[in-house]
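Residues per chain, in single letters:
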Amino acid sequence: MDMPESPPPQPANSSPITTAAADATDDPLSSPYVSLNSHCHELSTLQDLACRGAWRTILDKVARSRSLSLLSKPHEHLIYLTFNLLSLIKLRRYSDAQQELQTLDDDLDSKQYLFESYPDHYPNHKAGSMVPFALRWLHAHLPLTLGDRQLSLDRLYSLLHFIRDKKLPQNRDSISEVSLTLWKKRETFVVNTIISYHLSQKEFKVCLALLKAEISKNEDPLLVSQLGYVQMQYGDLDGAKRSFEAVEKMVVGSESGDVRLKNLVSRNKALMYLVEKDYISAVREYEECMERDESDFVAINNKAICLMYLRDLSDSIKVLESALERVPTVALNETLVVNLCSMYELAYVNHADVKKTLSTWIARVAPDDFDTSFIISKMHRYDHLPSCLEMVRQKFPRKSLQTVHLACVFLTTSLSTWKASNGEASETDCANT
Amino acid sequence: MSGGGGGVAQQSAHSLAFRVMRLCRPSLHVNTSPLKFDPCDLLFGEDLFDDPIAASHLPRLLSSQSNPSSVDPSDPSYRSRFLLQHPTDSLGLPGLLVLPQSFGYMHIHTCSIFNNALDNVLVEAEIQTERQRILLLDTSKSPVESIRASGRYDFIVEHDVKELGAHTLVCTALYTDGDIERKYLPQFFKFVVSNPISVRTKVRNVKDITLLEACIENHTKSNLYMDQVEFEPAQHWSATVLKAADHSSEHNLLTRETFKEPILIRSGGGIYNYLYQLKFSSPDNAQLKVEGSKILGKLQITWRTNLGEPGRLQTQHILGNPITRKEIELHAVEIPPVIILEKSFLVSLNLINLTERVLGPFEVWLSESDSLDERAVMINGLQTTTLGEVQAFSSLKLQLNLIAIKHGIQKITGITVFDTIEKKTYDSLLEMERLISILYFEVGLFCGATNANLIFCKITSYQMGLRMFSGPWIHLWTTVKDATRRVPLYGRVSIL
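In what follows, the accompanying structure is described. Just so it is clear, the model here is predicted, and its values are computed rather than measured. (Residues numbered from 1 in each chain as written. Chains lettered and ligands numbered in written order. Predicted model: local features only at pLDDT ≥ 70, side-chain atom pairs only at ≥ 80, totals over all residues. Heavy atoms only, no water.)

1. Examining the overall build of chain A
The number of helices and strands found in chain A is 22 helices and zero strands. Buried positions account for 55% of the 433 residues belonging to chain A. Pairs at least 24 apart in sequence give 54% of the contacts found in chain A among residues at least 6 apart. When the accessible surface of chain A is totalled, it reaches about 19,400 Å², and 52% of it is carbon and sulfur. (Helix = DSSP H or I, 4+ residues; strand = E, 2+ residues; numbered from the N terminus. Buried < 20%, exposed > 50% of the residue type's maximum accessible area, 1.4 Å probe, protein only. Contact = heavy atoms within 4.5 Å. Areas by Shrake-Rupley, 256 points an atom, 1.4 Å probe, with all protein chains shown as cover.)

2. So, the packing of aromatic side chains
Tallying each qualifying case throughout the model produces 14 aromatic pairs over all chains. Ring centres 6.3 Å apart and planes at 75 degrees place the aromatic pair Phe162 of chain A and Trp183 of chain A in the edge-to-face group. Of this pair, Phe162 of chain A sits in helix α8 (residues 149-167) while Trp183 of chain A sits in helix α9 (residues 177-200), and the two are 21 residues apart along the sequence. Judged by relative accessible area, Phe162 of chain A falls into the buried class, the value being 11%. The class for Trp183 of chain A is buried, based on a relative accessible area of 0%. Both rings, one in Trp365 of chain B and one in Phe418 of chain B, keep their centres 6.0 Å apart while their planes meet at 40 degrees; by these two values the pair is tilted. Of this pair, Trp365 of chain B sits in strand β23 (residues 362-366) while Phe418 of chain B is found in strand β28 (residues 415-419), placing the two residues 53 residues apart along the sequence. An aromatic cluster of three or more residues is present, and its members are Phe133, Phe162 and Trp183 of chain A. (Phe/Tyr/Trp six-rings, centres within 6.5 Å; stacked < 30°, edge-to-face > 60°.)

3. A few points about the environment of Leu210 of chain A
Residue and element names in this part refer to chain A. Considering the arrangement of structural elements, one finds Leu210 in helix α10 (residues 204-217). On a C-alpha basis, the gap between Leu210 and His198 in space is 9.9 Å, while along the polypeptide they are 12 residues apart. Beyond its immediate chain neighbours, meaning those up to four positions away, Leu210 contacts Tyr157, Ile194, Ile195 and His198.

4. Digging into the side chain of Asp368 of chain A
All names here are of chain A. Among the structural elements, Asp368 can be located in the loop between α19 (351-365) and α20 (373-395). Looking at Asp368, its side chain comes within polar contact range of the main-chain nitrogen of Trp55, at 2.9 Å. Residues within four places of Asp368 in sequence aside, it is in contact with Gly53, Ala54, Trp55, Arg56, Thr57 and Leu91. (Polar contact = N/O pair within 3.5 Å; in protein donor to acceptor, adjacent residues only side chain to side chain.)

5. Overview of helix α15 (residues 297-309) of chain A
Residue and element names in this part refer to chain A. Taking 1.5 Å of rise per residue, the 13 residues of α15 would be expected to cover 18 Å, and the 19 Å separating its terminal C-alpha atoms lies within 8% of that figure. Judged by how many residues are buried, α15 sits mostly within the fold: 12 of 13 residues are covered. Among the residues of α15, those classed as buried are Val298, Ala299, Ile300, Asn301, Asn302, Lys303, Ala304, Ile305, Cys306, Leu307, Met308 and Tyr309. At the exit of α15 stands Arg311, carrying a positive phi of roughly 70 degrees. (Expected span 1.5 Å × (residues − 1).)

6. Some details on the packing of helix α14 (residues 279-292) of chain A against α15 of chain A
Residues and elements named next belong to chain A. In the contact formed by α14 and α15, the axes pass within 9 Å of each other and the chain directions differ by 155 degrees. It follows that α14 is roughly antiparallel to α15 by the angle criterion. By crossing handedness, the relation of α14 to α15 is classed as left-handed. For the pair α14 and α15, contact is made by Tyr279, Ala282, Val283, Tyr286, Glu287, Cys289 and Met290 and by Ala299, Ile300, Asn302, Lys303, Cys306, Leu307 and Tyr309, respectively. For the contact of α14 with α15, the residue count by class is 11 nonpolar, one polar and two charged. (Axes fitted to C-alpha atoms, helices over the stretch in contact; angles between N-to-C directions. Parallel < 35°, antiparallel > 145°, perpendicular 65-115°, else oblique. Left-handed = near helix turned anticlockwise from the far one by under 90°. Nonpolar A, V, L, I, M, F, W, Y, C, P; charged D, E, K, R; others polar.)

7. Notes on the pattern of salt bridges
All chains considered together, the criterion is met by 31 salt bridges over all chains. Through salt bridges that share partners, Lys90, Glu334 and Asp369 of chain A together with Arg81 of chain B make up one connected network. (Salt bridge = Lys/Arg side-chain N within 4 Å of Asp/Glu carboxyl O.)

8. Concerning the nonpolar core
Grouped together as the largest cluster of nonpolar side chains are 146 residues, with contacts concentrated most on Phe83, Leu135 and Met232 of chain A. If we skip the residues at most four places from it in the chain, Met232 of chain A touches Ala240, Phe244, Leu271, Met272 and Val275 of chain A together with Leu28, Thr305, Asn306, Leu307 and Gly308 of chain B. Ranked by size, the runner-up nonpolar core spans 29 residues in total, among them Ile339, Leu351, Leu359 and Val417 of chain B. (Core = buried A, V, L, I, M, F, W, Y, C linked by side-chain atoms within 4.5 Å.)

9. Let's talk about helix α4 (residues 55-67) of chain A
All names here are of chain A. Taking 1.5 Å per residue as the helical rise, α4 with its 13 residues ought to reach 18 Å, and the 18 Å between its terminal C-alpha atoms agrees with that figure. All of the buried residues along α4 are Trp55, Ile58, Leu59, Lys61, Val62 and Ser65. Down the axis, α4 shows its buried residues gathered within 165 degrees of arc, on one side only. Residues of α4 that are exposed and point over 90 degrees away from its buried face: Asp60 and Ser67. (Arc of directions from axis to C-beta.)

The values reported here are purely geometric and, on their own, carry no functional implication.
Shown next as structure tokens:
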């Protein structure tokens, strides 16, 4: 149990305690907000496990707590359920997550999730919902994972309306400033989720409209940068340039000295260099970022890609490998590893071995939710190739080998990646063509 | 699958292999649902912070936990995969680049497979299509000195694909390995090029304005951002693009500038239309309508896909509707404002000679339409009028005496001009629509001051006419009988 953090009560004739909260509580030791664990059974452990990415352990813990009936209060059950649901989704066990969600009432606003419905458990508690907001979000997101994108979108938009119509308009007297700020953050969170959905389906105009609305409310440099990325994504380079310039003005003007914002501006500049194919300047910008913050994995990844386009394949691989060694907890990102695998495929003939080594290391170090499916699929692609060729050769003995190539490549790889097989064309075949 | 694993053994013929990767631009990775959360949303009920006690205590508890900016590399914590640093992180667009997985440039290199070092390697790459062979790379002047064992030689070739259909990239290497003889390795990579967009045009003429409608259809698998679509007019033509008016009421300059609505054509069949207004303007007025002005111009289209990957297309010459040279023109100078049924009226016409030679003499008549019943207007008098010669670039007046035989809105049409020397007939030069009126009127007879009863007998005659300024008039002669005698009466009525 964590130690209580507020000072013990002073005797009556000493100077009054400044925190208003202490006035309201008689005995801080019995306040339910003294520590995480006092709020909910072993909550700090759950939080810690989540930070370490130990989702399977969380599942075990929740199952054990439930079976041993260690949870006494309704809100504890809800919190544990939320963690359970999140773990299942992180581990990509979507149908199990669906089953977990179905144990709940479909209407998260129902009475059973309100504090006031349990006067015995919460005698002096302020009224309100005990549903963690993340549960609402997960409830909205789950259908997408099961293939029903439309339902997810509908739920997200409903959630947005719920926030905007019910929570934000509440007047300042009934809720605290902290709460209002929190609801505003939640609103931004949901809007950004919605934009992400539309973006993954390349519905760019909707994204632009939503981003425009968000930016007009609050000109945040991160958001305007993301607008720039969206514009780059569909090809509006002039628009992206304008967005990035606006971000630069915002950051330079604020003089906050925040390293993250400085790096943001540098990375945006680097992207502009990249599209103009000035890879050398882009590398320079990324190196500046890495000097300021060595854990800027976006800069690391992008620098490696620039090196590759400069045909410096060995250095690009070195950059990624050293990042994985130095700062594994930030560098271990699925995209970075995908890029590394692509580079291995180009660099080494026997890349399957290298990739096996990589995936073994990942299995040891990575959190439970790391998605290794793409590495494995890429490996199998090339293992199949020689045997496919043999099969096709037997079927079409007279055809020249490039059609065999073609057939095999179509057979085994998705059409998007074309690679040569090694050494199959012999002198007899070149006589045929 | 039979013969699995037999592939490796067959490589003994060559110590070298080509690997090809298409190198188009990388793309920005979008992560739907990064699944990052603010701890307040997970650990506590959503309304808990309404309680002022909670609001003051709880943030302190969390501040130690969620400070991801101070990352200790030795800290085995993946908190950045779980904790939300900024609410916009849920957009999942951190600006991370991903390598492309599909065709673009060729990044080729040769890999040495076995343990032999290779010397004096000559590499060549060329693209073959049905029509031509284009050499992309030739190192014969400066051959690669050597490639060490398990080493690599990389090169990038770039090629703007301009033809459609099957293409073959042929990579060949001529090298010496441990053996004395020179070995030759060719490798072939096939790909098919198809049309990314198709352009359909329609030309319409409205009076002397030509309108060009261009419809662009996207056949690719990605959305196309139309960077520039420009119509390059041919000589003597000028073009302006017609766009819908921009009614955006953006006050914020930042948003207005960054939010210019992009023209994006959806993948797999999306279309977008452009409208151009073209005007023909010749510097030399005499050469007003030249026959060869059929070519209107070309469309230049530039588009971009992800990260600004450019594409270009120029259409063939777009042809307009042929404009025939006009030799004569007929204009109506004067037509009576009111035309009354079965009353002849005069129409003044002007015949203009647009050519530089003398034309005529002419004959003018009203052409016969299908049947007598159809005709509404006929020539009153001689059916054919003769006109003399008309000088170059000058005109001649003529008058036609017409009569309408049908009332209502009728077309005065079919005026045919025949050049007796050149034997050319010009019809459809002039068409007018006019209202042919029938005049109905009621005449009331009023008994005057006499005591006699008057009996109306009949209208003996009437006369109608038209005055230019006072309009139509009618004169009536009637006889009226009273008990004793018939009295002629005369009245005049003006119809307004």
